[in-house]
Amino acid sequence: MYVNALVAAVFAAAAGWHVGAGPVHACPGVPASRCVQVASWAATVRWRDCGECLPQKTIDALQPDGVAIEVVLSVEHPPVAHRTIAWPPHITSATLSGIEGIPNKIGVYQVFARVGGGKEAYVWAFFGRGKPTHAQIAKANAELATVRLR
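Calculation rules
Residues numbered from 1 in each chain as written. Predicted model: local features only at pLDDT ≥ 70, side-chain atom pairs only at ≥ 80, totals over all residues. Heavy atoms only, no water. Phe/Tyr/Trp six-rings, centres within 6.5 Å; stacked < 30°, edge-to-face > 60°. Helix = DSSP H or I, 4+ residues; strand = E, 2+ residues; numbered from the N terminus. Buried < 20%, exposed > 50% of the residue type's maximum accessible area, 1.4 Å probe, protein only. Disulfide = S-S within 2.5 Å. Salt bridge = Lys/Arg side-chain N within 4 Å of Asp/Glu carboxyl O.

(A) Representation of the packing of aromatic side chains within the structure. Taken as a whole and assessed by the stated rule, the structure comprises three aromatic pairs. Relative to Tyr 122, the ring of Phe 112 lies with its centre 4.1 Å away and its plane at 20°, an arrangement referred to as stacked. Residue Phe 112 is found in strand S6 (residues 107-116), and its partner Tyr 122 is found in strand S7 (residues 119-127); the two are separated by ten residues along the sequence. For Phe 112, a relative accessible area of 24% puts it in the partly exposed group. Tyr 122 sits in the partly exposed class, given a relative accessible area of 38%. Here Trp 124 and Phe 126 contribute two aromatic rings whose centre-to-centre distance is 6.0 Å and whose plane-to-plane angle is 5°, an arrangement assigned as stacked. Overall, Trp 124 belongs to the buried group, its relative accessible area being 15%.

(B) Up close: the state of the cysteines. Taken as a whole, this structure holds two disulfides when the rule is applied. Each sulfur in the disulfide pair Cys 27 and Cys 35 lies 1.9 Å from the other. When the S-S torsion is -55°, as for the bridge of Cys 27 with Cys 35, the disulfide is left-handed. For the pair Cys 27 and Cys 35, one class covers both residues: buried. Regarding the disulfides, the protein chain carries the connectivity 1-2, 3-4 under sequence-order numbering of its bonded cysteines.

(C) How the structure looks around the pattern of salt bridges. A complete count under the given rule lists one salt bridge for this structure. The partner of Glu 76 in a salt bridge is Arg 34, and the shortest N-O contact between them spans 3.1 Å. Here Glu 76, found in strand S4 (residues 67-76), pairs with Arg 34, found in the loop between strand S2 (25-26) and strand S3 (35-43); they are 42 residues apart in sequence, far enough to count as distant.

Here it is, written out as structure tokens:
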């Protein structure tokens, strides 16, 4: 039922970025009538992981100035995200954090929120250094600004 209500986010194919998307499918452990999701990604290295995976292999391949971004969109009934954000999200040094399973030498941005049109989004950005440069953050924000949600 919800499968037709969702399409992958589309990253622009900009120079220096590898972009892609997976297929729409049921969320793990629930029927598609309750929840569907789809992943998209952009990275300064080739994407080496499944769409919804914590991208360990891709992160391992990042150079210090590298960036990997993952956007997982879902339509779930009932919705579970408690907050709404304007699209695209904006990364700042203050919004970076760590995450279990990712080494401290990798900077991480993460947000889960409603993004309009009945969609929810998990957005992750991984940086090749624990404290990304202003240029890296600007590069990630510029790539996120190309993402179209349909």
